[in-house]
Structure formats: C-alpha cells, structure tokens
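Chain by chain, the residues run as shown.
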Amino acid sequence: MKILIIGGGGMVGQKLAHKFALSGTCGNQAITQLTLADAFAVPEFTIPSNFPVKSVVADITNPAIAQSLFTDKPDLVFHLAAVVSGEAEANFEKGYSVNLGGITNILEAIRLTGNGYKPRLVFTSSVAVYGGPYRENIDDDFHLQPRTSYGTQKAMSELLLNDYSRRGFVDGITLRLPTICVRPGKPNKAASGLFSNILREPLVGIEAILPADKSAPNYFATPRSAVGFLLHAATLDTSLLGDNRALLMPGVWGTVGDEIDALRRVAGDDIVALIKYEPDPAVERMLANWNFPRFVSSRANSLGFTAESTLDEIIQIHIDDELGGKIPGLEK
Ligand SMILES: NC(=O)c1ccc[n+]([C@@H]2O[C@H](COP(=O)([O-])OP(=O)(O)OC[C@H]3O[C@@H](n4cnc5c(N)ncnc54)[C@H](O)[C@@H]3O)[C@@H](O)[C@H]2O)c1
C-alpha cells in the first residue's frame, strides 16, 4: 500500500508517519511506500522502516504541484495541511488559499487522474465548523455556523469532500478533531495554543503565562488519539457513513480551571505554581466568544473511534509519550 501524507511535516503528520514506520502496516496491509509532502523540506526520517520514506516539498495552493503528488497513485491519502486558526484569521487570503484552495486542488488532482483511480482520502476538519448559539448537546447533525474564517474553510472543505465522494471520484472521510492537547514542541499560531501551553511548560519547569481567566472551556484529545482516529478512518467501511462523511471525534470537555486542577492532581502544587496569570485583553476578548459546548460523538463512538475520558489521562499521556514517563519540572 502506498501512503501519502499531505502536511506530513506538521505535528499530527509526523506522529502518524512515525506510527507507520514502527508498525510497517496500515490495517492488515503492508506499507510499500510513504510520501511526506509539505510546504517546507521535512527533515530526514530517523526511525528505521521496512519501506521507503520520501519527502516532497509541495505547495498545494499550486494546482500543478498538487497534481504531481498523484503521479504514482497513492492508495491512501491523509490531507492534514492547513493554516491554523489564528493565522487564518490574521491573514484572510492565505487562509482561503491553503485551507480551501488546497483541498480543491487535491480533489481535482484525484478526479483528473481518472482511469478508475479512487483513493481513500482522510481529511482533518475541526469543531471550529460549529458556532453558537448552541443547544445542550452538539453532535454530527448540529448545523454548521462557523465563527471564524478557519472554521468556514473547514466547513466548505467538508462539503466538497462529501460531493466528490458522492460523485465517486474519491472515497473521502472527514474527522472533526477536538483541540489536540498537549501539543508538543513550540507554541504555534492556533488560537487554542494557551490550553496546551499552561500544561506543557510547567511540566518541564518553565513558567507559563495564562492570559485569560479560568472559565474558558475547550474540547480536548491527545496527539495519540489523533493518530488513532486517522488510522481507524483509513480502514473504516465508508458505506456506513451514508451521505454525510463528516464525523465529530470523541474528546474531553473542560475549562482552563479544570486543566489546572488536573495538573495539580497529576504533578502537584509546585508545578501549578509555574502558571502566572497575566490577563491580555485581546485574548480575553477572543475567549469571551469561546463557549465550547458539550459535544456528543455518539456516531463516531458507534463506529469504533475512541479517545481519553479525563484531563488527568490526557496529561499523563503527554508525560508518557513526550517526557519519558517523568516530570522534569519536579527535578529542578
Ligand atoms: N492540532 C489541533 O489542535 C487541531 C485541531 C483541529 C483540527 N486540526 C487540523 O488537523 C490538521 C493537522 O494539524 P497539526 O496540528 O498537525 O497542524 P500543523 O500546523 O502542525 O501542520 C500543518 C502542516 O501543513 C503544512 N502546510 C501549510 N500550508 C501548506 C501548503 N500550502 N502546502 C503544503 N503544506 C502546507 C504546514 O507546513 C504544516 O507542516 C490540520 O488540518 C488542522 O487544521 C488540528
């Protein structure tokens, strides 16, 4: 099986690629080739694998470059490339060009390849496709009313993927991801960055600034779960999805205050003391509209998608997967 990960240099793409390198299979099929495409040169892969791993610099806003990714007809495609929420809001043209233009070019490239070519395409959307006013429990069927350009671009992409699938050009599936937390590495331009920062930095003994009050809620799942969702979507029987190929993924609802309470339970008071409250009016204004509702992922659950069930578990998974099972901040 030939696999293409578009956005393969990003956080989720790298985690997925490492998982493939370690397992050598996807479902019960052996991987014969893995291509990591990204706008920048993805650093060389260090994990040994029993199949070739190719890195390709490809800007998917260019239709000809998008087309070139399909010359060798990958069987399975993950489309993870995106400009994240904060950047898509700050740079309107770039957001539409990458987040909407990119998927349009990819779907067209697949359609124009023709000759019965119909790969599985797994696309990552976001709960940003929803917007208030909310009812009590939000599920797959709640109307899409995004409040950001990023959410609008994801919602439009979902419709494109449904239509190209309905027309038989691609076998698509969309995953509406929760906020992936704890995001490893450096902070990015996602509006949701603070929800990871206040956990990640204190755990390694570094102060973190909390720019907003503790009442802001969010909906979380770990990078480990994100990879699990993608792998499950890669082999799911898509005839079970009907016409709506978009699935709300499972996750954990919680506020900043709930995160801090969980951090205290897992790592103790000294680690929590590294969080400094320094209100930033711009962030507070943004989070005032950030009224994440209780999401209900029963459709995804019934199809076998799973995630964590507590914030404590989410923090412990970060400690296990990123920090070697230890809390470096306690050793300082
Ligand atoms: N991380 C989250 O919390 C979260 C939540 C919901 C949805 N998602 C979605 O999941 C996907 C993966 O998220 P992530 O956290 O790994 O993001 P990321 O920012 O780490 O990775 C995205 C990658 O896309 C690449 N990219 C950007 N423009 C490109 C272009 N023109 N051509 C080719 N590549 C380009 C970037 O260089 C980057 O490596 C994204 O689609 C994101 O919108 C993520």
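Residue numbers run consecutively from 1 along every chain, following the written order of its sequence. Confidence filtering applies because this is a predicted model: local features only for residues at pLDDT of at least 70, side-chain atom pairs given and counted only at 80 or more, and all residues used for totals across whole chains, interfaces and linings.

Q: Which residues make up the overall build of the protein, and what values go with them?
A: Note on conventions: DSSP H or I runs of at least 4 residues are helices, E runs of at least 2 residues are strands, and numbering of each starts at the N terminus. A tally of regular secondary structure across the protein gives twelve helices and 16 strands. We compute the radius of gyration from the C-alpha atoms alone; for a globule the expected value is 2.2 Å times N to the 0.38, where N is the number of residues. Since a compact globule built from 332 residues should have a radius of gyration of about 20 Å, the 20 Å found for the protein is in line with a globular shape. Seen through its principal axes, the protein has C-alpha atoms that stretch 60 × 45 × 40 Å. Think of it as a crowd count around each C-beta: if 20 or more other C-beta atoms lie within 10 Å the residue is buried, if 12 or fewer it is exposed, and in between it is partly exposed, with C-beta placed from the backbone throughout. Considering the protein as a whole, with its 332 residues, one finds that 44% of them fall into the buried category.

Q: Break down the domain arrangement of the protein for me, citing the residues and quoting the values.
A: Many descriptions give the size of an interface as the accessible area lost when the pieces come together. Domains are outlined according to an automatic or database domain assignment. Taken as a whole, the protein is organised into domain 1 (2-177 + 223-248) and domain 2 (193-219 + 252-293 + 308-331). One C-alpha centre belongs to domain 1, the other to domain 2, and the line joining them spans 28 Å. Contact between two residues is assigned when their C-beta atoms, built from the backbone, lie within 7 Å. Each side of the interface is counted separately: domain 1 has seven residues, and domain 2 has seven residues. Classifying every residue of the side of domain 1 that touches domain 2 gives three nonpolar, two polar and two charged. For this classification, the nonpolar set comprises Ala, Val, Leu, Ile, Met, Phe, Trp, Tyr, Cys and Pro, the charged set comprises Asp, Glu, Lys and Arg, and every other residue, Gly included, is treated as polar.

Q: How would you summarise the sheet that holds strand 1 (residues 2-6) if you had to cite specific residues and measurements?
A: The strand order 5-4-1-6-7-9-13 describes an open sheet built from seven strands, whose pairing is parallel. Here the strands that pair on one side only, and so sit at the sheet edges, are strand 5 (53-57) and strand 13 (246-248). Across the sheet, the mean angle separating the axes of adjacent strands is 20° when strand polarity is ignored. Should DSSP find at least two bridges between two strands, the strands are regarded as paired. Bridge analysis of strand 6 (residues 76-79) against strand 7 (residues 120-126) gives four bridges, and the strand direction is parallel. The residue of strand 7 that forms the bridge with His79 is Phe123. Each axis is a line fitted through C-alpha atoms, taken for helices only over the stretch in contact, and angles between the N-to-C directions span 0 to 180 degrees.

Q: Before we move on, can you summarise the site of the ligand with the specific residues and values?
A: Should the C-beta atom of a residue, placed from the backbone, lie within 6 Å of a molecule or strand, that residue is near it. The environment of the ligand is made up of 26 residues, and the closest members are Gly10, Val12, Ala82, Thr124 and Ile180. Broken down by secondary-structure element, the contributors of at least two residues to the shell around the ligand are helix 1 (11-23), helix 4 (92-113), strand 7 and strand 10 (179-180). Considering each element in turn, the shell around the ligand owes the most residues, three residues, to helix 1. Of the residues in the shell around the ligand, the class split is 14 nonpolar, ten polar and two charged.

Q: Explain the pairing of strand 14 (residues 252-255) to me, and be specific about the residues and the numbers.
A: Of the two faces of strand 14, the one lined by Val252 and Gly254 is fully buried and the one lined by Trp253 and Thr255 carries no buried residue. Sheet analysis places strand 12 (residues 217-221) next to strand 14, joined by four bridges and oriented antiparallel. Opposite Asn218, over in strand 14, you have Gly254 as the bridge partner.

Q: Report on the sheet that holds strand 14, specifying residues and quantitative values.
A: Here we have three strands laid out as an open sheet, ordered 10-12-14, and mixed in their pairing. With one partner strand each, in any of the chains shown, strand 10 and strand 14 form the two edges of the open sheet. When strand 10 meets strand 12, the two strands line up parallel, connected through two bridges. Across the sheet, residue Ile180 finds its bridge partner in strand 12, namely Ala221.

Q: So what's going on with unusual backbone geometry? Which residues, and what values?
A: Residues Gly132 and Pro133 are joined by a peptide bond in cis, for which omega reads -5°. Locating Pro133 in the fold gives a position in the loop between strand 7 and strand 8 (137-138). In this structure, Val182 follows Cys181 across a cis peptide bond, with omega equal to 10°. Note on placement: Val182 falls in the loop between strand 10 and helix 6 (193-203). Here Lys73, not a glycine, exhibits a phi torsion of approximately 45°, which is positive. Relative to the helices and strands, Lys73 resides in the loop between helix 2 (63-68) and strand 6. Classification of Lys73 by C-beta neighbours within 10 Å gives exposed; the count is 12.

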